[in-house]
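# Per-entry structural report
Okay, here's what each chain looks like letter by letter:
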Amino acid sequence: MSGELGGGELSAPASILWAGPLDWADTDAAGIAHWTAVFRLIERAEAALFTALGHAEMFGRAPRTAVAVRYRSPLRFNDPVEVDLAVTKVGATVLEYSFVVRGPETVAAEGTISACVVDPETMRVARIPEDLRELLRGAGAQ
């Protein structure tokens, strides 16, 4: 993994473990998580990660370019959920995460997300600030 992060860093890439219950709004009429709920849970973890790194302004500036998810087991209303989100790649303008979403007994979903960073005014691809790139590459668990 360090090869993808570049620079041969010895520290771990930024990651976070977010936990909370599955909201009623994230379920269908039967109380089972809608397939899109996983993405909202991941975004909660992503927002917490950027906030912990001192760069909350970056949340929302990284539109998705690719998403891959494998669903393993259902989540239900009020289930305790954990999202383990980890940076796996940082480039000049792009970043990639891996994620694992766990329910009360087992893995519910896992996958990857790729995003590019954009300037919020022009919506054109923009460079990730160097200090943030270094944090994403080596800040470890938040």
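Preceding this paragraph is the structure being described.
Calculation notes
- Residues numbered from 1 in each chain as written.
- Predicted model: local features only at pLDDT ≥ 70, side-chain atom pairs only at ≥ 80, totals over all residues.
- Heavy atoms only, no water.
- Helix = DSSP H or I, 4+ residues; strand = E, 2+ residues; numbered from the N terminus.
- Rg over C-alpha atoms; globule rule 2.2 N^0.38 Å.
- Buried < 20%, exposed > 50% of the residue type's maximum accessible area, 1.4 Å probe, protein only.
- Contact = heavy atoms within 4.5 Å.
- Areas by Shrake-Rupley, 256 points an atom, 1.4 Å probe, with all protein chains shown as cover.
- Pairing = 2+ DSSP bridges.
- Axes fitted to C-alpha atoms, helices over the stretch in contact; angles between N-to-C directions.
- Expected span 1.5 Å × (residues − 1).
- Salt bridge = Lys/Arg side-chain N within 4 Å of Asp/Glu carboxyl O.
- Phe/Tyr/Trp six-rings, centres within 6.5 Å; stacked < 30°, edge-to-face > 60°.

So, on to the overall build of the protein chain. Broken down by element type, the protein chain carries three helices and five strands. In terms of overall dimensions, the protein chain is globule-like: its C-alpha atoms have a radius of gyration of 16 Å, near the 14 Å expected for 142 residues. Overall, the protein chain is about 45 × 35 × 25 Å in size when its C-alpha atoms are taken along their principal axes. Residues classed as buried in the protein chain amount to 39% of the 142 residues present. Long-range pairs, those at least 24 residues apart, make up 67% of the contacts in the protein chain between residues at least 6 apart in sequence. Total accessible area computed for the protein chain in this model is approximately 7400 Å², and 55% of it derives from carbon and sulfur atoms.

Strand order in the open sheet formed by five strands is β1-β3-β4-β5-β2, with antiparallel pairing between adjacent strands. What marks the edges here is a single partner per strand, and that holds for β1 (15-21) and β2 (64-71). For this sheet the average axis-to-axis angle between neighbouring strands, irrespective of direction, equals 15°. Sheet topology note: the strand β3 (residues 80-90)/strand β4 (residues 94-102) ladder contains eight bridges and is antiparallel. Within β4, the residue paired with V87 across the bridge is Y97. Along the sheet face, helix α2 (residues 37-52) touches β1, β2, β3, β4 and β5 (107-116) and points at about 65° away from the line of β3.

Along its 16 residues, α2 runs 23 Å from first to last C-alpha, staying within 8% of the 22 Å computed at 1.5 Å per residue. Among the residues of α2, those classed as buried are A37, V38, L41, I42, A45, E46, L49 and F50. Buried residues belonging to α2 abut β1, β2, β3, β4, β5 and α3 (130-138).

Okay, the pattern of salt bridges next. Enumeration over the complete set of coordinates arrives at eight salt bridges. We note a salt bridge from R44 to D26, for which the minimum N-O separation is 3.6 Å. Here R44, found in helix α2, pairs with D26, found in the loop between β1 and α2; they are 18 residues apart in sequence, far enough to count as distant. A relative accessible area of 3% means that D26 is categorised as buried. Among the ionic pairs, R137 bridges to E134, the shortest N-O distance being 3.3 Å. Within this pair, R137 and its partner E134 are both found in helix α3, separated by three residues, close to a single helical turn. A relative accessible area of 11% means that R137 is categorised as buried. Because the salt bridges share partners, they merge into one network encompassing D23, D26, R40 and R44.

In this section: the packing of aromatic side chains. With the rule as written, the count across this model stands at two aromatic pairs. Centroid distance W24 to F77: 5.1 Å. Interplanar angle 90°. Geometry classified as edge-to-face. Remark: F77 occurs in the loop between β2 and β3 and W24 occurs in the loop between β1 and α2; sequence separation between them is 53 residues. Pairing W35 with F39 gives two aromatic rings, centres 6.3 Å apart and planes at 90°, and the pair type is edge-to-face. F39 sits in the partly exposed class, given a relative accessible area of 22%.

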